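Listed here are the chains, written in short residue letters.
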Amino acid sequence: MKYFWIALGGAAGAIARYWLGNLVYARFGTRFPYGTFAINISGCFLIGVLITILDARTNLNPLWRLMLPIGFVGAYTTFSTFEYETFAKATQGHVGVAMLNVGLSVVIGYFAVYAGVISGRLIA
């Protein structure tokens, strides 16, 4: 049953990733990896909120931890895509864009996790 719940969350996360990535790229273009950036930052926020709530509400079924942070967020976030797009920008001669992507993703991602934890504490 564990794998079913992970797969269910993973399917939803993959669909959400695809939908949001397309939406962001259609709006802002592909000069900078805006779609992947938006997904990584929102995924950092989501994992902070979800794990904080799941840790605080110990009466919840442990399957929620499998379905949401592991399944959904695991499929939704795009760290490997982030790395590949950064590599591609650098090898195309856009080293500044590549480094900007790394710096912004790491720094803003950290603060998004922090904001997610604070939000999760307020909700829980």
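Please refer to the structure placed before this passage.
Residues numbered from 1 in each chain as written. Predicted model: local features only at pLDDT ≥ 70, side-chain atom pairs only at ≥ 80, totals over all residues. Heavy atoms only, no water.

Section: the packing of aromatic side chains
- For the coordinates displayed, the defined rule picks out 7 aromatic pairs.
- For the ring pair Phe28 and Tyr34, a centre distance of 5.8 Å and an interplane angle of 45° mean the geometry is tilted.
- Relative to Phe111, the ring of Tyr110 lies with its centre 5.4 Å away and its plane at 85°, an arrangement referred to as edge-to-face.
- Judged by relative accessible area, Phe111 falls into the exposed class, the value being 52%. (Phe/Tyr/Trp six-rings, centres within 6.5 Å; stacked < 30°, edge-to-face > 60°. Buried < 20%, exposed > 50% of the residue type's maximum accessible area, 1.4 Å probe, protein only.)

Quick look at helix α1 (residues 2–28)
- With 27 residues, α1 should reach 39 Å at 1.5 Å per residue; the first-to-last C-alpha distance of 38 Å fits that figure.
- Within α1 the residues assigned to the buried category are Gly9, Gly10, Gly13, Leu20, Gly21 and Val24.
- For α1, the secondary structure elements touched by its buried residues are α2 (34–56) and α3 (63–76).
- Just downstream of α1 lies Gly29, where phi reads positive at about 85°. (Helix = DSSP H or I, 4+ residues; strand = E, 2+ residues; numbered from the N terminus. Expected span 1.5 Å × (residues − 1). Contact = heavy atoms within 4.5 Å.)

Taken by themselves, the reported measurements are silent on function.
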